[in-house]
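Spelled out, the chains give:
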Amino acid sequence: MFQGLSEKLQETFKRLKGKGKLKEADVNEAMREVRVALLEADVNFKVVKDFVAKVKERSIGQEVLESLSPAQHVIKVVHEEMIDLMGGASGKILIASKPPTVIMLVGLQGAGKTTHAAKLANMLKKQGKHPLLVACDIYRPAAIKQLQVLGAQLNVPVFSMGEENPRDIAKASITHANQNGQDVVIIDTAGRLHINEELMGELRDIKGSVKPHEILLVVDAMTGQDAVNVAESFHGDLGLDGVILTKLDGDTRGGAALSIKAVTGCTIKFIGLGEKMDALEAFHPDRMASRILG
Ligand code: GDP
């Protein structure tokens, strides 16, 4: 994950450490390199600009430059600002005081919604909850089957009503959960290749009918800035409670992870690290920053 970015930043910091005492020009040079590395990793342009400005502001004072290990100090500032960029720690589902807790997963086709609905059910089941998976992706013929297969594998019930209106399926699933002692309802919705009014209208409809406690956007980290744009649109239209950033096990560059919070204000709650059912982790900005900085 983020190999190119990590390598570039590590090289920059190695050079900085090798200099001993630092001059303002050394910090400026290092920040130029950090800027290029972040842009190459597909981090949003404005996010990079603000980030570098903040790090510089905190790194160029007399106190830092004359300290015993100025390079270490600059690296620490980069680390702290990177954590700040990615937002507060979360990785928690808000459990409703009156069950069932309703979680609605939204996103474009192929982002990993169905897979992550099942991964979330698996995680919640291990925490002692009784989840119900709900198949509202009625357009992709294989989606209902895919959810049923994953549900069977995890021993988690799956609620489906074929190709009925997704709003009605969602509504009926809540009644079903109440009658069967399921305390968390996870709704897998349909995606599209691109955002369009039909998709958003359908999602607003489902939202209106079940009033989810959590609307989580599932986005593919491999799509970089597109993931950020998708998050911005969905947040504007539906009001997201968080993001699940998927496919971080692949060769992603880091742009989505580092930009989503700063651009949209939405926190990343979970990350997907593979196709297996246990490849789901809570997102920790501090751990992510350490992974990036090595
Ligand atoms: P949906 O259309 O949003 O429901 O997407 P799916 O859940 O069907 O996922 C699309 C493809 O991405 C499937 O082949 C999944 O196995 C794969 N996938 C989902 N999440 C991850 C992940 O975190 N890592 C990897 N490598 N593959 C994933």
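Reading guide: rules and limits
Residues numbered from 1 in each chain as written. Predicted model: local features only at pLDDT ≥ 70, side-chain atom pairs only at ≥ 80, totals over all residues. Heavy atoms only, no water. UniProt positions renumbered as here; feature names shortened; annotations may be inferred. Helix = DSSP H or I, 4+ residues; strand = E, 2+ residues; numbered from the N terminus. Buried < 20%, exposed > 50% of the residue type's maximum accessible area, 1.4 Å probe, protein only. Polar contact = N/O pair within 3.5 Å; in protein donor to acceptor, adjacent residues only side chain to side chain. 1 Å grid on protein atoms, 1.4 Å probe; cavity = no way out; pocket = protein on both sides within 12 Å on 5 of 7 lines; lining within 4 Å. Points joined across faces, edges and corners; volume = space filled by probe spheres on them. Nonpolar A, V, L, I, M, F, W, Y, C, P; charged D, E, K, R; others polar. Domains from an automatic or database assignment. Pairing = 2+ DSSP bridges.

### Description of the UniProt feature "domain: AAA+ ATPase" (unreviewed entry) in the protein chain
Item 1. Following the UniProt record, the feature "domain: AAA+ ATPase" (unreviewed entry) maps to residues 99-275 here.
Item 2. With 46% helix and 21% strand, the stretch residues 99-275 has end C-alpha atoms that lie 29 Å from each other.

### Details of the side chain of E214
Item 1. With respect to the helices and strands, the residue E214 is situated in strand β5 (residues 214-220).
Item 2. On the basis of relative accessibility, which here comes to 1%, the residue E214 falls in the buried class.
Item 3. Within polar-contact distance, the side chain of E214 engages the backbone nitrogen of L94 at 2.7 Å.

### Describing the layout of surface pockets
Item 1. For the largest pocket, the calculated volume is near 190 Å³.
Item 2. Together, N44, K46, V47, D50, F51, K54, E81, D84, L85, K261, A262 and V263 line the largest pocket.
Item 3. Among the secondary structure elements, those contributing two or more residues to the lining of the largest pocket are α3 (45-59), α5 (70-86) and α11 (255-264).
Item 4. Residue contributions to the lining of the largest pocket peak at five residues, all from α3.
Item 5. Taken together, the residues of the lining of the largest pocket break down into five nonpolar, one polar and six charged.
Item 6. Lining the lining of the largest pocket are residues from two domains, each supplying at least three of them: domain 1 (3-86) and domain 2 (101-283).

### Some remarks on the pairing of β5
Item 1. Most of β5 sits out of view: seven of its seven residues are buried.
Item 2. Where burial is concerned, the two faces of β5 agree: the one with E214, L216, V218 and D220 and the one with I215, L217 and V219 are both buried.
Item 3. Sheet topology places strand β1 (residues 101-106) next to β5; four bridges connect them, and they run parallel. Each residue of the ladder has a partner; that of I103, found in β5, is E214.

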